[in-house]
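Below, each chain spelled out in residue letters.
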Amino acid sequence: MPKKASNTETAKAALEAIQAKIYHSRAARKELANQLIDLRAFRREDVERVLGQWIGTAKARLWAIPNSLPRLLVGHTTSDAIQAVLSEAIEEAAAELRPFEATAFKSGSIDYATIEPDESQEEG
Amino acid sequence: MSLSIGLFTVTKYTFYMSKLVTRTELSKALGISRKQVDIHRQHGRIQEASKNGRNPLFDLDVCEKAYREYKENVTQKRTGGVNKLTAQLRKAKADLEESELKLARLREEIVPADELEQTWEANRRACLERIRKFPAEIAPALVSGDDIAIAADTLEQAMRQLLTDLAKMDNEEDCNDAEEGE
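None of the values given here were measured: they were computed from a predicted structure.

J.: So what's going on with the overall build of chain B? Which residues, and what values?
T.: In terms of helices and strands, chain B carries 6 helices and 6 strands. The helix and strand sequence of chain B, counted from the amino end, reads β-β-β-α-α-β-β-α-α-β-α-α. Within chain B, residue pairs in contact and separated by at least 24 positions form 50% of the contacts whose partners lie at least 6 positions apart. Total accessible area computed for chain B in this model is approximately 12,300 Å², and 50% of it derives from carbon and sulfur atoms.

In structure tokens:
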């Protein structure tokens, strides 16, 4: 007949199981932190900030067109000439919507993503 | 009188079967030094059962029990009655909860680079396409115009429409993302 596990043995087994889960959880966090470090992932707030800047600047440039361009547009007798002037201004605004560049979204801090020193000591 | 394992020992009052051991044997059995055995004996925690000449003999079972009770008592006083393993288990559970919360928070707050690139490039292409239509759309209305104020007004209305369209595209993109998320 198998020996019935004592309360102590049960508690020890439960403790080991929980510690294993903690290691898994910390490993997952470490992996995500590494993704942030080598730009395989970005923090949402950084992405929103950078894209917000790009879109905001592009919008501002577009909104400036009705104020700045009319003087350059009056007097033109062909649609092509007007399109050329407008296209130049439009392209300047469009340039603010930059192509994807990973370094632009790099986080200034990854504080909570990393494993805190005291946690590592506990693991040791 | 020399008695050893498994012999019946006669004392003045009782008849019992026990294992009598020397001071050295007791210290080994309890995992403490002979000096510590003496100290416990002085404090009355361990008592001799008999003597072999001048050397005391101890009842191993009785002494082990007494010593175990003494140690439990000390631990109890030191930990305030809290079982160490239970406390460790409790702390481990709290640590796990903390780690899982941090992990969930991190997962929620990060965007994979490939996903971001794909979304942004698609959005950017659509916006640029719409923006670049603007000159051709508005140019006919401005041909041969000589009033700056009218030109400014025409441009402003057209620009408002352009930005409204861009905002709508952005919202549609968000809606699509939400639907995909569901």
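From this point, things continue past the structure.
J.: An account of the nonpolar core is requested, with residue identities and associated values reported.
T.: Formed by 39 residues in total, the largest nonpolar core has its most connected members in A:Leu62, A:Ile65, A:Leu86, A:Phe105, B:Phe134 and B:Leu155. No other element matches helix α5 (residues 113-142) of chain B, which puts 10 residues into this core. Residues contacting A:Phe105, with those up to four places away along its chain left out, are A:Phe42, A:Asp46, A:Val47, A:Val50, A:Leu51, A:Trp54, A:Phe100 and B:Leu116. B:Val21, B:Leu26, B:Leu60 and B:Cys63 belong to the second-largest nonpolar core, a separate cluster that totals 10 residues.

J.: So what about the layout of surface pockets? Which residues, and what values?
T.: In this structure, the second largest pocket occupies an estimated 270 Å³ of space. Lining the second largest pocket are 14 residues, with A:Ile55, A:Lys59, B:Cys127, B:Leu166 and B:Asp170 positioned closest to its centre. Those elements that place two or more of their residues in the lining of the second largest pocket are α2 (44-68) of chain A together with α5 and α6 (148-181) of chain B. With 5 residues, α5(B) is the largest single contributor of residues to the lining of the second largest pocket.

J.: Give me the pattern of salt bridges: which residues, what numbers.
T.: Opposite charge on two side chains permits pairing when their charged atoms draw close. Residues and elements named next belong to chain A. Tallying each qualifying case throughout the model produces 17 salt bridges over all chains. Salt-bridge contacts for Arg43 lead to Glu45; the nearest nitrogen and oxygen are separated by 3.4 Å. Among the residues examined, Arg43 registers a relative accessible area of 7% and is labelled buried. Note that Glu96 is salt-bridged to Arg61, the shortest N-O span being 3.2 Å. With a gap of 35 residues between them, Glu96 in the loop between α4 (79-94) and α5 (117-123) and Arg61 in helix α2 connect regions that are remote in the sequence. Through salt bridges that share partners, Arg61, Glu92, Glu96 and Arg98 make up one connected network.

J.: Which residues make up the pairing of strand β4 (residues 48-52) of chain B, and what are the values?
T.: All names here are of chain B. Note that β4 and strand β5 (residues 55-59) share 4 bridges and pair antiparallel. Paired with Ser50 across the bridge in β5 is Leu57. Joining the antiparallel neighbours β4 and β5 is a turn of 2 residues, in which Gly53 adopts a positive phi near 70°.

J.: Any chance you could break down α2(A) for me, citing the residues and the numbers?
T.: With 25 residues, α2(A) extends 36 Å from end C-alpha to end C-alpha; this agrees with the ideal 36 Å at 1.5 Å per step. Along α2(A), the positions that sit buried rather than exposed are A:Asp46, A:Val47, A:Val50, A:Leu51, A:Trp54, A:Ala58, A:Leu62, A:Ile65 and A:Pro66.

J.: Account for the packing of α2(A) against α5(B), with residues named and values stated.
T.: At a minimum axis separation of 13 Å, α2(A) and α5(B) run at an interaxial angle of 5°. One way to sum up the angle between α2(A) and α5(B) is to call them roughly parallel. Residues A:Val47, A:Leu51, A:Trp54, A:Ile55 and A:Leu62 of α2(A) pack against B:Leu116, B:Trp120 and B:Ile131 of α5(B). Within the contact of α2(A) with α5(B), the residues separate by chemical class into 8 nonpolar, no polar and no charged.

J.: Quick one: what's the story with the packing of helix α1 (residues 7-37) of chain A against helix α4 (residues 84-109) of chain B, residue by residue and with numbers?
T.: Packing of α1(A) against α4(B) leaves a shortest axis separation of 9 Å and a crossing angle of 25°. Comparing the axis directions of α1(A) and α4(B) gives the class roughly parallel. In the crossing of α1(A) with α4(B), the sense of the turn from one axis to the other is left-handed. Considering only residue class, the contact of α1(A) with α4(B) consists of 15 nonpolar, 4 polar and 9 charged.

J.: Explain the sheet that holds β4(B) residue by residue, including any values.
T.: Residues and elements named next belong to chain B. What the 3 strands build is an open sheet, ordered β3-β5-β4; its pairing is antiparallel. If you trace the sheet from one side to the other, it starts and ends with β3 (20-21) and β4, each paired once. Where helix α3 (residues 60-79) meets the sheet, its contacts fall on β3 and β5, and the angle it forms with β5 comes to roughly 75°.

J.: So, the environment of A:Phe100: which residues are in play, and what are the values?
T.: Take A:Phe100: it is sitting in the loop between α4 and α5. In this structure A:Phe100 comes out as buried when scored by relative accessible area, which is 16%. Remark: the alpha-carbon pair of A:Phe100 and A:Leu51, spanning 49 residues in sequence, is separated by 9.9 Å. Ignoring any residue separated from it by four or fewer positions in sequence, one finds A:Phe100 in contact with A:Phe42, A:Phe105, B:Ala113, B:Leu116, B:Glu117, B:Trp120 and B:Glu121.

J.: Hey, could you go over the packing of aromatic side chains for me, with residue numbers and the actual values?
T.: For the structure shown, the criterion picks out 6 aromatic pairs over all chains. For the ring pair B:Tyr67 and B:Tyr70, a centre distance of 6.3 Å and an interplane angle of 35° mean the geometry is tilted. One end of the pair, B:Tyr67, and the other, B:Tyr70, are both in helix α3, 3 residues apart, so they sit about a helical turn from each other. Feature note: the residues A:Phe42, A:Trp54, A:Phe100, A:Phe105 and B:Trp120 constitute an aromatic cluster, connected by ring pairs.

So, how was this worked out
- Residues numbered from 1 in each chain as written.
- Chains lettered and ligands numbered in written order.
- Predicted model: local features only at pLDDT ≥ 70, side-chain atom pairs only at ≥ 80, totals over all residues.
- Heavy atoms only, no water.
- Helix = DSSP H or I, 4+ residues; strand = E, 2+ residues; numbered from the N terminus.
- Contact = heavy atoms within 4.5 Å.
- Areas by Shrake-Rupley, 256 points an atom, 1.4 Å probe, with all protein chains shown as cover.
- Core = buried A, V, L, I, M, F, W, Y, C linked by side-chain atoms within 4.5 Å.
- Buried < 20%, exposed > 50% of the residue type's maximum accessible area, 1.4 Å probe, protein only.
- 1 Å grid on protein atoms, 1.4 Å probe; cavity = no way out; pocket = protein on both sides within 12 Å on 5 of 7 lines; lining within 4 Å.
- Points joined across faces, edges and corners; volume = space filled by probe spheres on them.
- Salt bridge = Lys/Arg side-chain N within 4 Å of Asp/Glu carboxyl O.
- Pairing = 2+ DSSP bridges.
- Expected span 1.5 Å × (residues − 1).
- Axes fitted to C-alpha atoms, helices over the stretch in contact; angles between N-to-C directions.
- Parallel < 35°, antiparallel > 145°, perpendicular 65-115°, else oblique.
- Nonpolar A, V, L, I, M, F, W, Y, C, P; charged D, E, K, R; others polar.
- Left-handed = near helix turned anticlockwise from the far one by under 90°.
- Phe/Tyr/Trp six-rings, centres within 6.5 Å; stacked < 30°, edge-to-face > 60°.

In short, shape yes, function no, at least from these values alone.
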